[in-house]
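One-letter residues, chain by chain:
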Amino acid sequence: MLQNQVGNSVKKIITLLDELLGSAFEACGYEKRFGVATVSNRPDLCQYQCNGAMAAAKQYHKAPIAIANEVAAAVGEQEMLETCEAVAPGFININIKTEYLADYVLRMSSEEHFGVEPAENPRKVVIDYGGANVAKPLHVGHMRPAVIGEAVKRILRYVGHRVIGDAHLGDWGTPIGLIITELKVRQPDLVYFDPDYTGEYPKEPPFTVSELEEIYPYASKWSKEHDDYREESRKAILDLQQGRRGYMALWEHIMRISMEDLKKNYDNLGTVFDIWGKESDAQKYIPDMIKDMKENGYAHISEGALVVDVKEETDTKEVPPCMILKSDGATLYNTTDLATIVERMQLFAPEQTDQIIYVVDKRQDLYFDQIFRCARKTKLVNPDTILTFIGNGTMNGQDGKPFKTREGGVMRLEVLIESVAEEVMRKMEDRDFPKEEKREIAHKVGLAALKYGDLSNQATKDYIFDMERFTSFEGNTGPYILYTMVRIKSILAKIGELPAMPEKAGTYERGAEETKLLLTIARFADMVEKAAAELAPHKVCQYLFELADNVNGFYHANKIVAESDETKNNEWISILRTALAVFSDGIEMLGFEAPDRM
Ligand code: ARG
């Protein structure tokens, strides 16, 4: 919101058009629902279009152009419309009056969230988008869920939903068993391994964070080649799950050390969890959950294991049963996720959660299918609880395979973030900024490069990380968006004290670039509502890129600071201020920030 006055709630232009068209269709004796406007896919011909006559033609057995002609005539002269005309074979092309648009943008700038309509039925949403495992550093594979989930959370909040972001760290399964096993090999005399020990355990952990990070991959590799070792670690997990004291104490050490490290790293990425849930948190819900599943006949024993059948008649692929307990009685990843659902349904207590969204690597989609079916069948959720899986694609290297270090290893996320910031530093070589400030700018711009590069791709698609392209100050990139914002900031700074926002749009001939920019700004609310409905941050990226192009087109076509006509000058300044404010909200939704210069 830019002005203090509280405007009447501005309806979206597209809504106003729908109303006009709907009534016109009705007035001509057709169903109202055909009167739907969309942003034109031929901007060279018109700004908005309606294809309803094409669809109505089938139902009413009439030529589409005949219907389009009638409807366009019924729309008639309107305050907001420049033109509304039927064109062959039956489209209705619409242009808005430029002065109306200018007025609209002014009104919109005084609205909360620029006229985005708060969700009619605000949902209570839990979003699970961390998933990092303790005892392992955050690596590039964790970036996509963290970045996408953060954006989805912010977009949903922007339209009024209540959202809790949960880190859901992996702290309970196989990795912990492996670490305990390997520690026992390396330091068998540690008191944690003495089953008869009853005293207090040391406060200091028997390893450092870097030792821990070395132990896990080593043990993981070793276990793949040695059956007895794997068996040992399986046993260790079971002992831990049954509460063996020494193992619990070790687990607590592992947790404390790596939580600290993970928090630092998520923080560095700008990912802000509301709660730092862990797989272990759900363990206390397991006994009752299992009892319930057995008593209600949902679960049965199959080859010694406790399972719930989740296949459905319409399945075209094989969906195996959901395993709840292994034959040795140990719980699994599945059991934890189900018990976490029990926990999450209560997170908004006394009210219940309406939706749980998971942002996890898309290779887990069959798994989540099983979990969702099982949760529904066993009534862990209400019939109308929405369970959503956003399966993210992989960030690949230039070779099209999952991104690796030059040596072929897993790249730590902090290393990637740092190297992108360094590339931005190189791009700003000729800038004469104080060193400290330059580093800060590079970090901000680098994060924008990385996040925008990620979010501008649909979440489910794989993409190739391209350092050169992502960090470029031109083209469809995060830095280009920021650069455009910085450009506006510097124009506004040149003007110094800003004139009050005009109350009404002035009457003057507006150029094509100005009209295009106004039209884009005016579309903001519509775009945000769609991005929220489809959980699609890439729509915000697309929009910001278009906005940036239009701001730059407008900037090059007009001498903004030097313009002597006061009406024009004031209005241009107000347009730039609104654009900047819209950009700010947009990048905030995507989870990055703009520097003051770059
Ligand atoms: N820790 C898991 C892994 O590394 C990801 C967790 C994703 N979230 C979930 N609720 N299962 O595969």
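The structure presented is a predicted model; accordingly, all values stated were derived computationally and were not measured.

Caption draft 1: Quick peek at the overall build of the protein. A count of helices and strands for the protein gives 20 helices and 13 strands. Here the protein, with 598 residues, has 52% of them falling under the buried criterion. Expressed as a percentage of contacts within the protein between residues at least 6 apart in sequence, the contacts between residues at least 24 apart total 74%. Accessible surface, the protein: about 27,800 Å² in total, of which carbon and sulfur atoms supply 50%.

Caption draft 2: Quick look at the environment of Pro205. Residue placement: Pro205 occurs in the loop between helix H6 (174-186) and helix H7 (209-225). Along the backbone, Pro205 and Pro137 are 68 residues apart, and their C-alpha atoms lie at a distance of 18 Å. Not counting residues within four places of it along the chain, the set of residues in contact with Pro205 comprises His253 and Ile257.

Caption draft 3: Spotlight on the site of the ligand. Residues in close proximity to the ligand include Asp128, Gly131, Asn133, His168, Tyr333, Asp337, Tyr358, Val360, Gln364 and Phe368, which together make up its full environment. Within the contact set of the ligand, a nitrogen atom lies 2.8 Å away from a side-chain nitrogen or oxygen of Asp128. One of the backbone N or O atoms of Gly131 is found 2.8 Å from a nitrogen atom in the ligand. Of the residues assigned to the shell around the ligand, the class counts are four nonpolar, four polar and two charged.

Caption draft 4: The pattern of salt bridges, seen in detail. The full count for this structure, using the stated rule, is 46 salt bridges. Put simply, Arg186 and Glu182 hold a salt bridge, and the shortest N to O gap is 2.7 Å. Of this pair, Arg186 and Glu182 both sit in helix H6, four residues apart, which is roughly one turn of the helix. Between Asp430 and Arg431 there is a salt bridge; the shortest N-O distance is 2.9 Å. With a relative accessible area of 21%, Arg431 lands in the partly exposed category.

Caption draft 5: Local environment of unusual backbone geometry. Each neighbour pair has its own omega, and for Ala88 with Pro89 the value is 0°, a cis peptide bond. Residue Pro350 follows Ala349 across a cis peptide bond; omega there is 5°. By the element assignment, Pro350 lies in the loop between helix H11 (333-345) and strand S10 (355-361). One non-glycine residue, Phe114, lies in positive phi territory at about 50°. Along the polypeptide, Phe114 turns up in the loop between helix H4 (98-109) and strand S5 (124-128). If you check the backbone angles, Glu303 has positive phi at about 50° while not being a glycine. With respect to the helices and strands, the residue Glu303 is situated in the loop between strand S7 (299-302) and strand S8 (305-308). For Glu303, a relative accessible area of 79% puts it in the exposed group.

Caption draft 6: Broad picture of the sheet that holds S5. Strand order in the open sheet formed by four strands is S6-S5-S10-S11, with parallel pairing between adjacent strands. Two strands lie at the open edges of the sheet, namely strand S6 (162-166) and strand S11 (386-392), each paired on one side alone. If you compare each strand with its neighbour and ignore which way they point, the axes differ by 20° on average. As paired strands, S5 and S10 are joined by four bridges and run parallel to one another.

How each quantity is defined
- Residues numbered from 1 in each chain as written.
- Predicted model: local features only at pLDDT ≥ 70, side-chain atom pairs only at ≥ 80, totals over all residues.
- Heavy atoms only, no water.
- Helix = DSSP H or I, 4+ residues; strand = E, 2+ residues; numbered from the N terminus.
- Buried < 20%, exposed > 50% of the residue type's maximum accessible area, 1.4 Å probe, protein only.
- Contact = heavy atoms within 4.5 Å.
- Areas by Shrake-Rupley, 256 points an atom, 1.4 Å probe, with all protein chains shown as cover.
- Near = heavy atom within 4 Å.
- Polar contact = N/O pair within 3.5 Å; in protein donor to acceptor, adjacent residues only side chain to side chain.
- Nonpolar A, V, L, I, M, F, W, Y, C, P; charged D, E, K, R; others polar.
- Salt bridge = Lys/Arg side-chain N within 4 Å of Asp/Glu carboxyl O.
- Pairing = 2+ DSSP bridges.
- Axes fitted to C-alpha atoms, helices over the stretch in contact; angles between N-to-C directions.

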